[in-house]
Amino acid sequence: QVQLVESGGGLVQPGGSLRLSCAASGRMLSISDMAWYRQAPGKQRELVASITSGGRTNTADFVKGRFTISRDNAKNTVYLQMNSLKPEDSAFYYCNAVGPGPFNAWGQGTLVTVSS
């Protein structure tokens, strides 16, 4: 069983920055893709960014140029650097990891609130 633990959420003013982290642990051979999703109240969960084990990234248009996803394969950790945050970025952010087995794991979510 694979566990994902997110950290780094919180309250930030518009224009500010936050860095989310997600560490994977448990029984797994390797991790293929890792990703960040978000879900605001009353809205569907949406993909924010993803990254392959080789480092290829995909970033949603609505955060492109502001958010950057990265990962440390040695630490089984994925990061999301969020800059120039806007109130509409407020949501629960969830980490996702998939790999051989196969497994498809989700974190518990971390809340990001952008407000003055």
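Predicted, not measured: the structure shown is a model, and the values here were computed from it. (Residues numbered from 1 in each chain as written. Predicted model: local features only at pLDDT ≥ 70, side-chain atom pairs only at ≥ 80, totals over all residues. Heavy atoms only, no water.)

### Observations concerning the environment of Y79
Rule in force here: Strands here mean DSSP runs of E at least two residues long; helices mean DSSP runs of H or I at least four residues long; both are numbered from the N terminus. By definition, residues are in contact when any of their heavy atoms lie within 4.5 Å.
Residue position: Y79 is located in strand 8 (residues 77–82). Expressed as a C-alpha distance, the spacing of Y79 and S7, which sit 72 residues apart in the sequence, is 9.6 Å. Setting aside its immediate chain neighbours within four residues, Y79 contacts R19, L20, S21, W36, T68, I69, S70, R71 and D72.

### Describing the packing of aromatic side chains
Definition in use: In this scheme Phe, Tyr and Trp rings, the latter by its six-membered ring, pair at centre separations within 6.5 Å, and the angle between planes marks the pair as stacked below 30 degrees, edge-to-face above 60, and tilted otherwise. Burial here depends on accessible area, computed with a 1.4 Å probe over protein chains only, as a share of the maximum for the residue type. Under 20% is buried, over 50% is exposed, and the range in between is partly exposed.
Tallied over the entire structure, the rule returns 2 aromatic pairs. Ring plane angle 35° and centroid distance 6.4 Å describe the contact between F92 and Y94, whose orientation is recorded as tilted. F92 sits in the partly exposed class, given a relative accessible area of 37%.

### Points about the environment of W106
Looking at the element boundaries, W106 is found in strand 10 (residues 103–106). Note on W106: relative accessible area 38%, which makes it partly exposed. Note: C-alpha distance between W106 and C95 (11 residues apart in sequence) is 5.7 Å. Those residues in contact with W106 that lie beyond four places of it in its chain are L4, Y37, R45, Y94, C95 and N96.

### Structural notes on the sheet that holds strand 1 (residues 2–7)
Counted only if it meets this: Being paired, for any two strands, means DSSP has found at least two bridges between them. Every angle, taken between N-to-C directions, lies between 0 and 180 degrees, and every axis is a line fitted to C-alpha atoms, over only the stretch in contact when it is a helix.
Strands sit in the order 1-3-8-7 across an open sheet of 4 strands; the sheet is antiparallel. Both outer strands of the open sheet, strand 1 and strand 7 (67–72), are each paired with one neighbouring strand and no more. Looking at each pair of strands side by side, their axes are set apart by 15° on average, direction ignored. Two elements, strand 1 and strand 3 (residues 18–26), share 6 bridges in a ladder whose sense is antiparallel. Each bridged residue has a counterpart across the sheet, and for E6 the counterpart in strand 3 is C22.

### A word on the pattern of salt bridges
We count it as follows: A side-chain nitrogen of Lys or Arg and a carboxyl oxygen of Asp or Glu constitute a salt bridge if their distance falls within 4 Å.
Counted according to the given criterion, the structure contains 4 salt bridges. Between D89 and R38 there is a salt bridge; the shortest N-O distance is 2.9 Å. Of the two residues, D89 is situated in the loop between strand 8 and strand 9 (91–99) and R38 in strand 4 (residues 34–39); the sequence distance between them amounts to 51 residues. Taking the relative accessible area as the measure of exposure, D89 reaches 0% and is therefore buried. Salt bridges here are not isolated pairs; linked through shared partners, they connect R38, E46, R66 and D89.

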